[in-house]
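# Coordinates in review
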Amino acid sequence: MRDPMSALTDAFTSFLFGKVETTRLPVRTSTGQAQAVYLPTAAPGLGDSGVIIGREVYSGKGYIYDPFQLYGQQLPAPHWLVLGESGNGKSALEKTYVLRQLRFRDRQVVVLDAQGEDGVGEWNLIAQQLGITPIRLDPIAANDDGIRLNPLDPAITTTGQLALLRTIIEVAMGHGLDERSGFALKVAHAYVVDTIQDRQPVLTDIVEQLRHPEPESALAMNVDIDDVRAWGLDVALVLDRLVDGDLRGMFDGPTTVGIDLDAPLIVFDLSHIDRNSIAMPILMAIVGVWLEHTWIRPDRKKRIFLVEEAWHIINSPFVAQLFQRLLKFGRRLGLSFVAVVHHLSDVVDGAAAREAAAILKMASTRTIYAQKADEARATGRVLGLPRWAVEIIPTLTPGIAVWDVNGNVQVVKHLITETERPLVYTDRAMTESSTPQQLPDDLLAAELEAEERALYIERQRGTGPGSATTVA
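Definitions and cut-offs
- Residues numbered from 1 in each chain as written.
- Predicted model: local features only at pLDDT ≥ 70, side-chain atom pairs only at ≥ 80, totals over all residues.
- Heavy atoms only, no water.
- Helix = DSSP H or I, 4+ residues; strand = E, 2+ residues; numbered from the N terminus.
- Buried < 20%, exposed > 50% of the residue type's maximum accessible area, 1.4 Å probe, protein only.
- Salt bridge = Lys/Arg side-chain N within 4 Å of Asp/Glu carboxyl O.
- Pairing = 2+ DSSP bridges.
- Core = buried A, V, L, I, M, F, W, Y, C linked by side-chain atoms within 4.5 Å.
- Contact = heavy atoms within 4.5 Å.
- pLDDT = per-residue confidence, 0-100.

- Going by the annotation in an unreviewed UniProt entry, the name recorded for the protein chain is ATP-binding protein, with Streptomyces racemochromogenes given as the source organism.

Okay, structure coming up:
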């Protein structure tokens with residue numbers, strides 16, 4: 001109780017000077033205690049439908065990404081570019097991403113595996129675990145009944161066959177075909193397709209027809225037969241390299257029986273091919289067109305086309321144009337193209353700078369692992385990254401990357417499960433253990449079954465429209 005004199009004094013003071021506010025003494029505390037007063041905030045994520053990649057570094061939230069779920073809402077295109085120095089986790093990210101995507105039944109993944117270890121491609125362990133035989137293109141093994149891909153396979157449309165032949169020749173020659181050479185190739189291809197019905201036409205048939213064109217082809221254009229033969233000579237010499245040169249055996253025969261283009265995972269093992277030779281872009285061109293024209297069918301599958309060492313594609317103008325067209329067809333094919341490169345300067349300063357810029361523009365998702373400061377600045381300028389992201393790229397540790405998904409920029413730590421770890425392990429040559437032990441099939445099945453249960457629970461909770469989150 002206040003005494004009467006104090007109450008009278010306060011009343012008189014309030015009458016003269018107005019009401020006096022109560023003065024509170026300051027409270028001493030620490031930032032650790034005071035942070036509980038403020039609600040936690042974080043940038044919005046990408047939703048909860050798709051596969052989990054890992055954890056956002058700053059907010060601690062799970063990071064979930066799926067180009068097919070995001071397409072049309074947060075992504076204008078489903079294509080993806082992955083950059084970074086070796087040893088920072090690019091390969092592990094791609095392998096776990098593929099393994100998690102394959103948990104959805106409507107997915108199909110094709111990998112161009114240009115890296116090698118222990119005489120096989122680095123995707124060999126994953127293929128074995130899934131019961132899939134990689135398509136190993138090897139010019140030495142091909143001569144001993146190895147795997148062949150026929151550019152004239154009937155599974156490819158006649159238009160696609162001619163486009164593929166032109167691309168092979170242009171890549172090997174380093175320039176486009178002139179009208180006369182293109183005419184000689186067109187009439188040779190048309191004659192071979194029309195006359196050979198009892199077997200698959202092969203490149204030898206095209207070379208033979210170029211060397212000995214039919215008189216009808218000359219009469220149709222009112223030219224001399226010797227002119228048609230001269231126009232096709234350079235084309236014949238280029239194709240002869242695939243028939244009787246250093247690339248013989250891989251493409252000069254019927255497609256090997258047993259290649260399953262309906263398998264959920266298709267691995268083209270290019271590890272036995274010299275990555276610095278002209279053979280690599282030729283192989284890329286053949287595989288790209290071959291897949292494009294065998295994929296055009298209404299099966300409603302969503303496809304992921306992952307290319308390791310993708311600068312082999314983007315550095316060749318003709319192959320880059322081919323893959324640029326493939327990317328444009330991405331909507332019709334349900335295709336997400338994933339390109340993995342070490343440095344952006346490998347492609348933007350190359351011979352196909354214009355084509356590379358077009359491909360980069362179509363990649364709405366960009367993942368950047370650690371790079372040197374000057375490379376990070378150059379990458380930031382080309383990709384339009386925010387300044388804070390450019391500054392932290394040189395400081396990133398292995399497994400952590402900057403993700404830019406159509407302007408939504410986050411720093412993400414990639415998480416790998418114990419089941420995935422031995423399958424994505426690719427540096428055995430630098431470690432004491434010669435080969436990683438594969439997990440028993442029953443253990444793998446148990447973990448995958450646990451993932452399926454988690455998927456079912458998420459669906460029941462309604463966390464995604466007809467889809468779910470794959471738990472890492």
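### A closer look at the overall build of the protein chain
- Scanning the protein chain from N- to C-terminus turns up 22 helices and 14 strands.
- A buried classification covers 50% of the 472 residues belonging to the protein chain.

### Observations regarding the pattern of salt bridges
- Overall, the coordinates contain 15 salt bridges when judged by the stated rule.
- Two residues, Asp106 and Lys302, come together in a salt bridge whose shortest N-O distance is 3.5 Å. One end of the pair, Asp106, is in the loop between helix H4 (90-101) and strand E4 (107-113); the other, Lys302, is in strand E9 (residues 302-307), and 196 residues separate them in sequence.
- By relative accessible area, which is 29% here, Asp106 ends up partly exposed.
- The residue Asp404 makes a salt bridge to Arg366 at a minimum N-O spacing of 3.1 Å. Pair noted here: Asp404 is in strand E12 (residues 400-405) and Arg366 is in strand E11 (residues 363-368), with a separation of 38 residues, a long-range link. Of the two residues, Asp404 and Arg366, neither departs from the other in class, the shared state being buried.

### Observations regarding the pairing of strand E13 (residues 408-414)
- Burial analysis of E13 places six of its seven residues in the buried class, which makes it a mostly covered element.
- Here strand E1 (residues 50-56) pairs with E13 via three bridges, running antiparallel. Note that in E13 the partner of Glu56 across the bridge is Val412.
- As judged from the six bridges shared by E12 and E13, these two strands associate in the antiparallel manner. Bridge pairing links Val405 to Asn408 in E13.
- Here E12 folds back onto E13 in antiparallel fashion, the turn holding two residues, of which Asn406 has a positive phi close to 50°.

### Overview of unusual backbone geometry
- At Asn406, a position not held by glycine, the phi torsion is positive, near 50°.
- Mapping Asn406 onto the fold places it in the loop between E12 and E13.
- Look at Asn406 and you get partly exposed, because its relative accessible area is 45%.

### As for the nonpolar core
- Membership of the largest hydrophobic core comes to 92 residues, with the highest contact counts inside it found for Leu81, Leu137, Leu239, Phe268 and Phe305.
- When residues of this core are assigned to their parent elements, the largest contribution, twelve residues, is made by helix H13 (residues 279-295).
- Aside from chain neighbours lying at most four places away, what touches Leu137 is Ile147, Leu149, Met250, Asp269, Leu270, His272, Ile273, Leu283 and Val287.
- With 34 residues, the next largest nonpolar core counts Leu46, Tyr63, Ala127 and Tyr369 among its residues.

### Quick notes on the confidence of the model for the protein chain
- Looking at the protein chain as a whole, the pLDDT averages 78, with 78% of positions reaching at least 70.
- By mean pLDDT, strand E14 (residues 469-470) is the weakest element of the protein chain at 39, and E12 is the strongest at 95.
- A low-confidence stretch, residues 428-472 stays under pLDDT 50, and its non-local contacts, those more than four residues away or across chains, total 66 contacts.

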